[in-house]
Structure formats: structure tokens, C-alpha cells
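Observations on the model geometry
Here are the chains, one letter per residue:
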Amino acid sequence: MRLKYRKLSYREMLYTTMEVKVLNNYDELSKKSAVFVAKRLLQKDNLVLGLATGDTPKGLYRELVKIYQTGLLDFSEVTTFNLDEYYPISPENAASFATFMKERFFDHVNIPEDQSHLPDGSAQEVEKECKEYEDLIHSAGGIDLQILGIGTNGHIGYNEPGSKWGSETRLVTLKEENVLEDVPGEPARKLNKALTMGIKSIMQAQEVLLLASGRKKAEIIARTIDGEISREVPASILHLHPSVTIYLDRDAASEL
Ligand code: PGA
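**So, the site of the ligand**
The ligand sits among Gly54, Asp55, Thr56, Gly149, Ile150, Gly151, His155 and Lys217. Asp55 places a polar main-chain atom, nitrogen or oxygen, 2.8 Å from an oxygen atom of the ligand. Expressed as a share of its isolated accessible area of 280 Å², the protein-covered part of the ligand is 79%. If you map the ligand onto the pockets, it falls in the largest pocket. Broken down by class, the residue content of the shell around the ligand amounts to one nonpolar, five polar and two charged.

**Description of the sheet that holds strand E8 (residues 193-196)**
Either a parallel or an antiparallel arrangement is found when strands of a sheet pair, and the pairing is made through backbone hydrogen bonds. Strand order across the open sheet formed by three strands is E4-E8-E7, with antiparallel pairing between neighbours. Two strands in the sheet have a free side with no partner beyond their single neighbour: strand E4 (84-86) and strand E7 (170-173). On average, adjacent strands in this sheet sit at an angle of 30° to one another, irrespective of strand direction. Of the strand pairs in this sheet, E4 and E8 are connected by three bridges, and their pairing is antiparallel. Residue pairing in the sheet places Glu85 in a bridge with Leu195 of E8.

So, how was this worked out
Counting starts from 1 at the beginning of each chain's written sequence and moves along it residue by residue. Where totals are concerned, whole chains, interfaces and linings use all residues; where local detail is concerned, this predicted model gives features only for residues with pLDDT of at least 70, and gives and counts side-chain atom pairs only at 80 or more. With hydrogens and water stripped out, all remaining heavy atoms of the structure feed into the side-chain values. When we say a residue is near a molecule or strand, we mean one of its heavy atoms is within 4 Å of it. Polar contacts here mean pairs of N or O atoms no more than 3.5 Å apart (in protein, one a potential hydrogen donor and the other a potential acceptor; neighbouring residues in sequence count only if both atoms are side-chain atoms). What sets the accessible areas is the Shrake-Rupley method with a 1.4 Å probe; for residues, cover comes only from the shown protein chains. A pocket, in this scheme, is an open set of points on a 1 Å grid over the protein atoms alone with protein on both sides within 12 Å along at least 5 of 7 lines, while a cavity is a set where a 1.4 Å probe fits but cannot get out; residues line either one if an atom lies within 4 Å of a point. A pocket or cavity is taken to hold a molecule when more than half of that molecule's atoms are within 2 Å of the pocket's grid points. Under the scheme applied here, ten amino acids are nonpolar (Ala, Val, Leu, Ile, Met, Phe, Trp, Tyr, Cys and Pro), four are charged (Asp, Glu, Lys and Arg), and all others, including Gly, are polar. For two strands to be treated as a pair, DSSP must find at least two bridges joining them. Helix and strand definitions follow DSSP, with helices as H or I runs of at least four residues and strands as E runs of at least two, each counted in order from the N terminus. Here an axis means a line fitted to C-alpha atoms, over the contact stretch when the element is a helix, while the angle between two N-to-C directions is reported on a 0 to 180 degree scale.

As C-alpha cells, this is what we get:
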């Protein structure tokens, strides 16, 4: 008897590299993603981590700090690069991503200060800053593991829809929904610009862990995972990355 094999479509073959896991809730997502990072660190002391800000990874940092406090992890040889920062903004400003990272993570683990990097929101010469940031990532040997959130419009980092696949760290204009309406401690000022690692910078990471939580992410998650690869959904490029894991809570996975 001849066995019949269904031929995989080109699209299905591409999609086999994405590992999608659905966790019960945000708490579980946070714990599982912290363990994911911890495992990579236990394999490589001088891990180069790409980090993200936003609501989604808050639980990941909280849990990673907890694991650190048990004495299991040592961050002393770790180097980190954050995806993005508002521009212009002082790193000391309460709304800066530098402050977010300090308060939620850097102040609680033993990463030497000079080994944590964010694009400098107070840089005068923007192009120089972006080029230096890109060079710094390369001189650290590239990113081993990049953590990503996803915007409701599909952005990764602040690579908004329409971003070029070949983009590197650069100054970008934010879409209306991502504009910061108030800068703390400053007279009324909207912040609609940011420095962000590019799509290419992200794609060069050895491995990617993308996190999404909540019903408001369900539609974009479905478009990213089940839809076409399109510049209108920047996260969809991850189908072409060789090693991507996506952790979703049930709400974020509800339209798959
Ligand atoms: P959020 O942001 O985690 O606050 O939802 C994600 C993002 O915009 O990348």
C-alpha cells in the first residue's frame, strides 16, 4: 500500500520554526519566561540579553529578580541592550525606559552598570548615537537572546508598521497610539519620537522570545502568527527568524 503524504506548503515550512506556547494566565507567562531566560544564563555566564520595556515584561523582570534572590543566578558577566528609548528624554526622567529598567530590574540584580545599555535619549548627535549603539551590540558579540513585546499595531521595539526589514538603530516617529502625552516634570510636551533598534538588529539576535498578554493583543497575535509576512505587521518578519519562541496567555491566544 502506498502511504500518502501531504505536501507541506512553502508557508507551512516557514512557520515550523516558531514555537508557540499558550500559558494559563499572565502570572504563569511571567514565571515561564523568567525560567526561559534563567536557563540561557545558566548555559552562558556572559549572556548578551536584548531587553524590552512595557507592561508585558514587568512580570518577567519580577520573577527573574526572585530567581536571582534564591542565589541561583549570577548576572555579573551579563551584558544587556534595550530595544528602545523615547527621544528626546533624560535617562533620569520618570517616564524614560532607562528609569523603568533601573527600577524594575537593574537595581535588583548584579549586572555591573557599564554592562547595561539603552539608546541614550539625551544624545545630541542622534545619528552618531545610533551608529555607536549598533557598533556596541556587534562588539559585544551580538545578542544571544532578545526579549520582545508586541504593540497592538504589530510593532516590535518601536519599529512601527511600514518599517524596512533592513533597518538598524535609528530615530523614528511614533504612531498616534504610542505617543507619550505627558513628560513628567516638564511643561506640556508630547513625545512622539524614539530611538529604536531596527528590524535587522532584532533579526540578528541568535534567539527571540516574544511575549504577549491580554485580549487586546489577540488580534495582532493572530495576524502575526497566522497571517502573511508583511511590513504592515512588523512582528510577522519573525517567521523568517530561525529560533523564535512565543509565550502567550490564554487571552492573547484567544483568536488563534
Ligand atoms: P506593552 O507594550 O507590553 O505595554 O503592551 C508592548 C509594545 O508596545 O511593544
